[in-house]
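A closer look at the structure
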Amino acid sequence: MAYVTRRDKTYKTKEDICAHVGDEYSDYMGAVVPPIFQNSLFVCPVEPDTGESRGHKYTRISNPTTDIAERKIAALEGGEAGLCFSSGMGAISAAITYFVRKDCHVVLMCTTYGPTRIFLTQLLSEKFGVTVTCVKGDDTQEIFDAVKPETALIYLESPSSAVFKIQDLEAIGSFARKRGIGTVIDNSYATPLHQNPLEYGIDLVCHTASKYLGGHSDIVAGALVGAKEPMDHIQEYERALYGSNMDPHQAWLLIRGIRTLPLRLRQHGESGLAVASFLERHPKVKEVYYPGLDSFPQRELARKYLRGNNGLLSFVPDATPEQARRMMSACRYFQHGVSWGGFESLIIGISVGKSPEEAAALDIPTGLIRIHVGLENVDTLMEDLDQALNTM
Ligand SMILES: *Cc1c(COP(=O)(O)O)cnc(C)c1O
């Protein structure tokens, strides 16, 4: 029987890539949803002439289901190759390990995700003598000034995930390329739908797929995209030797998440902007941080780099730490939790009760509360925040 094939099609829009890239119907007996190749092993005949064997061999190196997720994410980022990992930290630690060497120096944004900071400033620095300079993420000159002769990597996270510091990717990309310094970015906040850093000369783009890419709070997963050469190396060494490859079942759930990413993100962005505007007008709120607001300090850069909004934002209430904690527990829809990017609304006190010095070290204000605006009805969510804020 001749099944419909899609292999020759090129998909230009993000929506079409999410829906269709990698769905080779002829390979999967016409199945609209490709199967889970729940295999450790693939048998592959040896070519008599060369002694080589082609195709998948072992799932720690590659797997056909994971391959589909990788092709989707690479196409969305506009990169030559993509790899999926067992977590966002798996992708991030592989990308960093690819660039660092013993006793090298790394420039790091101090607003970077905590475990990434710990990986660099504790694990790599204590074991391998890597030195790290932490800089403010919104000051390009400070980033350039931090570079030393032994700098091997500038690690970016833009926007960051607490107060959304934006780095000037174009300026940093061309600066680093000229000097042969590697660049890695955590692009999880924007997702490949809203920002594609490879366009600006950034070398490797990391994602936690546990957030918007997966979107349903049911997987921990990561992805990395870049040019073929570094990605081939990472597939063989930094991923395969640490064994941080993605499991096929996880990949299948990730593919399912990606199919609805454009729709979900549009709603998170619409509701996120509505909630941010509501909080900005609320008498019990002192400051709101959201790249989609005109009051956002780096609004120009946000306009330049981000094609849309999402549901993550933070604010500082006019409250003592005790009042702020009482307000958070008075929420009925916003549940207390660390993550974001799923269907559900969440709230967390990022620097509630922290001293101004502790908060300053992370380049965030004290008393900061972060919320993730989920896919619930937006009016219900605003009513929930309003009644909680009015308990203070
Ligand atoms: C959650 C998160 C990560 C880590 O992802 P995991 O999948 O939990 O390992 C990395 N970066 C950012 C910005 C995150 O929010």
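Definitions and cut-offs
Residues numbered from 1 in each chain as written. Predicted model: local features only at pLDDT ≥ 70, side-chain atom pairs only at ≥ 80, totals over all residues. Heavy atoms only, no water. Near = heavy atom within 4 Å. Polar contact = N/O pair within 3.5 Å; in protein donor to acceptor, adjacent residues only side chain to side chain. Helix = DSSP H or I, 4+ residues; strand = E, 2+ residues; numbered from the N terminus. Nonpolar A, V, L, I, M, F, W, Y, C, P; charged D, E, K, R; others polar. Salt bridge = Lys/Arg side-chain N within 4 Å of Asp/Glu carboxyl O. Buried < 20%, exposed > 50% of the residue type's maximum accessible area, 1.4 Å probe, protein only. Pairing = 2+ DSSP bridges. Contact = heavy atoms within 4.5 Å. Domains from an automatic or database assignment. Buried area = accessible area lost by both parts, 1.4 Å probe. Phe/Tyr/Trp six-rings, centres within 6.5 Å; stacked < 30°, edge-to-face > 60°. Expected span 1.5 Å × (residues − 1). Core = buried A, V, L, I, M, F, W, Y, C linked by side-chain atoms within 4.5 Å. Patch = residues over 30% accessible without salt bridge, like charges linked within 9 Å, V, L, I, M, F, W, Y side chains within 5 Å. Areas by Shrake-Rupley, 256 points an atom, 1.4 Å probe, with all protein chains shown as cover.

Turning our attention to the site of the ligand. Residues in contact with the ligand amount to 13 residues; listed here are only the nearest, Gly88, Asp186, Thr208, Ser210 and Lys211. Ala221 is positioned such that a nitrogen or oxygen atom in its backbone is 3.5 Å from an oxygen atom of the ligand. No other element matches helix α3 (residues 88-99), which puts 3 residues into the shell around the ligand. Class assignment for the residues of the shell around the ligand results in 6 nonpolar, 4 polar and 3 charged.

So, about the pattern of salt bridges. Here the structure, examined in full by the defined rule, presents 15 salt bridges. Between Asp363 and Lys165 there is a salt bridge, with the nearest N and O atoms lying 2.7 Å from each other. Of this pair, Asp363 sits in the loop between α13 (356-361) and β12 (369-372) while Lys165 sits in the loop between β4 (151-157) and α6 (169-179); the two residues are 198 residues apart in sequence, bridging distant segments of the chain. Each member of the pair, Asp363 together with Lys165, is buried. Where salt bridges share partners, they join Lys136, Asp138, Lys165 and Asp363 into one cluster.

Now for the sheet that holds β12. Taken together, 5 strands build an open sheet; the order of strands is β8-β9-β12-β11-β10 and the sheet is mixed. Whereas interior strands pair on both sides, the edge strands pair on one side only; in this sheet they are β8 (285-289) and β10 (335-336). Bridge analysis of strand β11 (residues 346-349) against β12 gives 4 bridges, and the strand direction is antiparallel. Paired with Gly349 across the two strands is Ile369, which belongs to β12.

The subject of this paragraph is the environment of Lys284. Along the chain, Lys284 falls in the loop between α10 (261-281) and β8. Sequence separation between Lys284 and Ile234 is 50 residues; the distance between their C-alpha atoms is 49 Å. Setting aside its immediate chain neighbours within four residues, Lys284 contacts Pro317, Asp318, Leu389, Asn390 and Met392.

Looking at the protein chain, the domain boundaries give domain 1 (3-259) and domain 2 (262-389). The partner domain 2 presents 38 residues to the 42 residues of domain 1 that form the contact. Approximately 3,200 Å² of surface area, both sides summed, lies buried where domain 1 meets domain 2, with 57% of it carried by carbon and sulfur atoms. In this structure, the connection of domain 1 to domain 2 is made through 3 salt bridges. Lys136 serves as the salt-bridge partner of Asp363, at 3.8 Å between the closest nitrogen and oxygen. The tally of links from domain 1 across to domain 2 stands at 20 residue pairs in polar contact (both at pLDDT 80 or more).

This part is about the side chain of Lys211. Secondary-structure assignment places Lys211 in the loop between β6 (204-208) and β7 (222-226). With near-sequence residues (within four places) excluded, Lys211 lies in contact with Ser339, Trp340 and Gly341.

Evaluated as defined, the whole model comprises 6 aromatic pairs. The interplanar angle of 55° and the centroid separation of 6.1 Å between the aromatic rings of Tyr28 and Phe37 together place this pair among those described as tilted. Centroid distance Tyr200 to Tyr305: 4.9 Å. Interplanar angle 85°. Geometry classified as edge-to-face. Here Tyr305 lies in helix α11 (residues 299-305) and Tyr200 lies in the loop between α7 (191-194) and β6, a separation of 105 residues in the sequence.

This paragraph deals with helix α9 (residues 248-259). With 12 residues, α9 should reach 16 Å at 1.5 Å per residue; the first-to-last C-alpha distance of 17 Å fits that figure. Regarding α9, the residues found buried are Pro248, Gln250, Ala251, Leu253, Leu254, Ile255, Gly257 and Ile258. Buried residues along α9 sit in contact with α1 (14-20), α2 (64-77), β1 (81-85) and α10. Sitting at the amino-terminal end of α9 is Asp247, which places a side-chain oxygen 2.9 Å from the backbone nitrogen of His249.

In terms of nonpolar packing, the biggest core is built from 87 residues, with Ile154, Leu254, Leu279 and Ile371 touching the most fellow members. When residues of this core are assigned to their parent elements, the largest contribution, 6 residues, is made by α10. When near neighbours in sequence (up to four residues on either side) are disregarded, Ile371 contacts Val275, Leu279, Gly311, Leu312, Leu313, Phe315, Phe334, Leu346, Ile347 and Leu385. The next biggest cluster of nonpolar side chains, apart from the first, holds 26 residues, and it includes Leu83, Ala91, Ala94 and Met231.

Before going further, it helps to examine a nonpolar patch on the surface. Side chains of Leu41, Tyr58 and Ile61 sit close together on the surface and give an oily, nonpolar patch of about 280 Å² of accessible area. Mapped onto the elements, Leu41 comes out in the loop between α1 and α2.

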